[in-house]
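Residue-level structure breakdown
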Amino acid sequence: MGKLFGTDGVRGVANVDLTPTLAFKLGMAGATVLKKSSRRPVFVIGMDTRISGDLLENAITAGILSVGGNVIKVGVVPTPAVALLARHYGADAGIVISASHNPFEYNGIKFFNGDGFKLDDSIEEKIEKLISEHDIKIKTTKGDEIGKCIDGSQDALKFYEDFLADTMDRNLKGLKVVLDCANGASFQVAPDIYRRLGADVTVIGNDPDGLNINDNIGSTHPEKLQQKVVEAGADIGLAFDGDADRLIVVDEKGMVVDGDKIICLCAKMLKDSGELVDNRVTATVMSNIGFHKFCEKNGISVDVTKVGDRYVLESMLETGCIIGGEQSGHIIFLNHTTTGDGVLSSLQFLKILLDSGEALSELAKEVELFPQVLENARVANKNKELFLQDGEILKEIAKVENAVRDDGRLLIRPSGTEPVVRVMIEGKDIELIHKLAVDLADLITKKYA
């Protein structure tokens, strides 16, 4: 059996790679490893809007029940709601069934511990050790020891909305907002909370049918949001991904404000209010050169981690940093919660906009980002590391690095969640770096697809 857990749980095409059998075993093994004591363990399970959600929810639930655990099903909720609810219910763990920003045919299973944090690698390894391809050697229960299910869906959404409202001390009356819910997990809660806070709300991507999650909509496809913001004459557009742990912003002119800019401006807000612990922020190696220049100019130090919000969080917990995240819009406000939360991040960002009195397009100019091109080289999963020993590719990498040496950089890395190698180049000449990125990605694909 190959490694199950990637950087964000277990993922694959639902009912092909991520089967009900595997979900059942994950439920059994997860419940066995994560139970806190000799008492009957409790697990909170939530999901996004994918058609395969019911299939996998029932399978992993059956696995948990079979080893004596109880399950609180909270239905369709954002990923960060599950982390919050695991703490609220005093559960042994929270489980999210989602493949985040990926197309509907994919799904995933990720765990939070009882404190609402993603699992350490060592805990995931223990779960994997209990699972084999043909057998799972875990003691099952019988009789009155078999677990039960509880429907917590109604209470869950209200609790999460109340939590979000408590993080926002501004009234949004008179603010025109367009929300893009990606036909995903935020389709109820995001419009509800914004209307509750007084905003004039227009919503797109709030009609999920199980197949249209992230389908040319949401944080990875902001084009419809950009158009709608301009059409509606809105002050701001806010796009979430399928499980609502990411945020991308659109200004009143229809221009995208990405995670790097959001984090920069939020960190400055926290610094100005005296809340930014040690005047530091955490970002990944993918953060733009302009991100670092802005932070340096404003007296903010940057801790850099590997790509993946789990690595951002690990660093934050070590240093005491309260804000960190990724260019993709996965942002962690550790002073409020334990994981990335797109809706919460949007509320924090709106504080800056409201307090500035400026149009968002002017506010966003404070952070000047360098042109950046990202190309994906499609490769077989087993080949994702092989390019590192390929002489021809290493020679091409050296040529690219030399071409952008004075005013840019090259970053090339295997994805932790998809069968791709990501090629990212920054520099002042967009046409040059685009050609360099495409040529390098094509070469890797040609040799290792």
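Reading the values: the criteria
- Residues numbered from 1 in each chain as written.
- Predicted model: local features only at pLDDT ≥ 70, side-chain atom pairs only at ≥ 80, totals over all residues.
- Heavy atoms only, no water.
- Helix = DSSP H or I, 4+ residues; strand = E, 2+ residues; numbered from the N terminus.
- Rg over C-alpha atoms; globule rule 2.2 N^0.38 Å.
- Contact = heavy atoms within 4.5 Å.
- Areas by Shrake-Rupley, 256 points an atom, 1.4 Å probe, with all protein chains shown as cover.
- Expected span 1.5 Å × (residues − 1).
- Buried < 20%, exposed > 50% of the residue type's maximum accessible area, 1.4 Å probe, protein only.
- Axes fitted to C-alpha atoms, helices over the stretch in contact; angles between N-to-C directions.
- Parallel < 35°, antiparallel > 145°, perpendicular 65-115°, else oblique.
- Left-handed = near helix turned anticlockwise from the far one by under 90°.
- Nonpolar A, V, L, I, M, F, W, Y, C, P; charged D, E, K, R; others polar.
- 1 Å grid on protein atoms, 1.4 Å probe; cavity = no way out; pocket = protein on both sides within 12 Å on 5 of 7 lines; lining within 4 Å.
- Points joined across faces, edges and corners; volume = space filled by probe spheres on them.
- Phe/Tyr/Trp six-rings, centres within 6.5 Å; stacked < 30°, edge-to-face > 60°.
- Lys NZ or Arg CZ within 6 Å of the ring centre and 35° of its normal.
- Pairing = 2+ DSSP bridges.
- Arc of directions from axis to C-beta.
- Polar contact = N/O pair within 3.5 Å; in protein donor to acceptor, adjacent residues only side chain to side chain.
- Salt bridge = Lys/Arg side-chain N within 4 Å of Asp/Glu carboxyl O.
- Core = buried A, V, L, I, M, F, W, Y, C linked by side-chain atoms within 4.5 Å.

This part takes up the overall build of the protein. A tally of regular secondary structure across the protein gives 14 helices and 18 strands. In terms of C-alpha radius of gyration, the protein reaches 22 Å, essentially the compact-globule figure of 22 Å for 449 residues. Viewed in the frame of its principal axes, the protein has a C-alpha envelope of about 70 × 60 × 40 Å. Long-range pairs, those at least 24 residues apart, make up 71% of the contacts in the protein between residues at least 6 apart in sequence. In the form shown here, the protein has an accessible surface area of approximately 18500 Å², with 49% of it arising from carbon and sulfur atoms.

To continue, consider helix α1 (residues 20-34). An ideal rise of 1.5 Å per residue puts 21 Å on 15 residues; α1 measures up with 20 Å between its terminal C-alpha atoms. The complete set of buried residues in α1 reads L22, A23, K25, L26, G27, M28, A29, G30, A31 and L34.

It is the contact of helix α8 (residues 259-272) with helix α11 (residues 342-356), at a shortest axis distance of 10 Å, that shows an interaxial angle of 65°. With respect to α11, the element α8 is oriented roughly perpendicular. Considering how the two elements wind past one another, α8 and α11 form a crossing that is left-handed. The residues of α11 that touch α8, namely those facing I262, L265, C266 and M269, are Q348, F349, K351 and I352. Grouping the constituent residues of the contact of α8 with α11 by class yields six nonpolar, one polar and one charged.

Moving on, we get to empty space enclosed by the protein. Leftover empty space is mapped by rolling, across the atoms, a probe with the size of a water molecule. Counted by the stated rule, this structure contains one cavity of 30 Å³ or more. In terms of lining residues, the largest cavity is bounded by F5, G9, I109, K110, F111, K118, L119, E124 and R310. The element that contributes the greatest number of residues to the lining of the largest cavity is strand β5 (residues 106-113), accounting for three residues. In the lining of the largest cavity, the residues fall into four nonpolar, one polar and four charged.

In this structure the tally under the stated criterion is two aromatic pairs. Ring geometry for F5 and F111: centres 6.3 Å apart, planes at 50°, overall tilted. One end of the pair, F5, is in the segment before β1 (10-13); the other, F111, is in strand β5, with 106 residues separating them in the sequence. Taken individually, F5 and F111 each receive the classification buried, so the pair is uniform in this respect. Lying across the ring of Y311, K306 places its NZ or CZ 4.3 Å from the centre.

In sheet architecture, strand pairing relies on hydrogen bonds along the backbone and comes in two forms, parallel and antiparallel. Taken together, five strands build an open sheet; the order of strands is β8-β7-β9-β10-β11 and the sheet is mixed. With one partner strand each, in any of the chains shown, β8 (200-204) and β11 (256-257) form the two edges of the open sheet. Taken together, the four bridges between strand β9 (residues 236-240) and strand β10 (residues 247-250) define a ladder with antiparallel strand orientation. Its bridge partner being in β10, A239 is matched across the sheet by I248. Against the sheet, α8 engages β10 and β11, with an angle of about 90° to β10.

If you check helix α13 (residues 391-403), its first and last C-alpha atoms are 19 Å apart, about what 13 residues at 1.5 Å a residue would give, namely 18 Å. Residues I393, I397 and V400 constitute the buried set of α13. Within α13, the buried residues cover an arc of 65° as seen down the axis, which keeps them to one side. Exposed positions of α13 whose direction lies more than 90 degrees from the buried face are G391, K395 and K399. Tucked into the core, α13 has its buried residues touching β17 (409-414), β18 (420-426) and α14 (430-448). The opening residue of α13 is D390, an N-cap whose side-chain oxygen sits 3.0 Å from the backbone nitrogen of E392.

Right, let's talk about the pattern of salt bridges for a bit. Inspection of the entire model under this criterion finds 27 salt bridges. Salt-bridge contacts for K158 lead to D162; the nearest nitrogen and oxygen are separated by 2.9 Å. With K158 and D162 both in helix α5 (residues 153-166) and four residues apart, this pair spans about one turn of that helix. Looking at K158, the relative accessible area reads 56%, which means it is exposed. Residue classification places D162 among the partly exposed residues on the basis of a relative accessible area of 24%. Here K447 ties to E392 by a salt bridge, and the two come within 3.0 Å at their closest N and O atoms. A residue pair is termed long-range when its members are at least 10 positions apart, and K447 in helix α14 and E392 in helix α13 qualify at 55 residues.

Moving on, we get to the nonpolar core. Counting 70 residues, the largest nonpolar core has L179, Y194 and I323 as the members making the most contacts within it. Other than its neighbours up to four places away in sequence, Y194 contacts L172, V177, L179, A199, V201, L238, S346, L347 and L350. Residues I64, V71, I95 and I97 belong to the second largest nonpolar core, which totals 30 residues.

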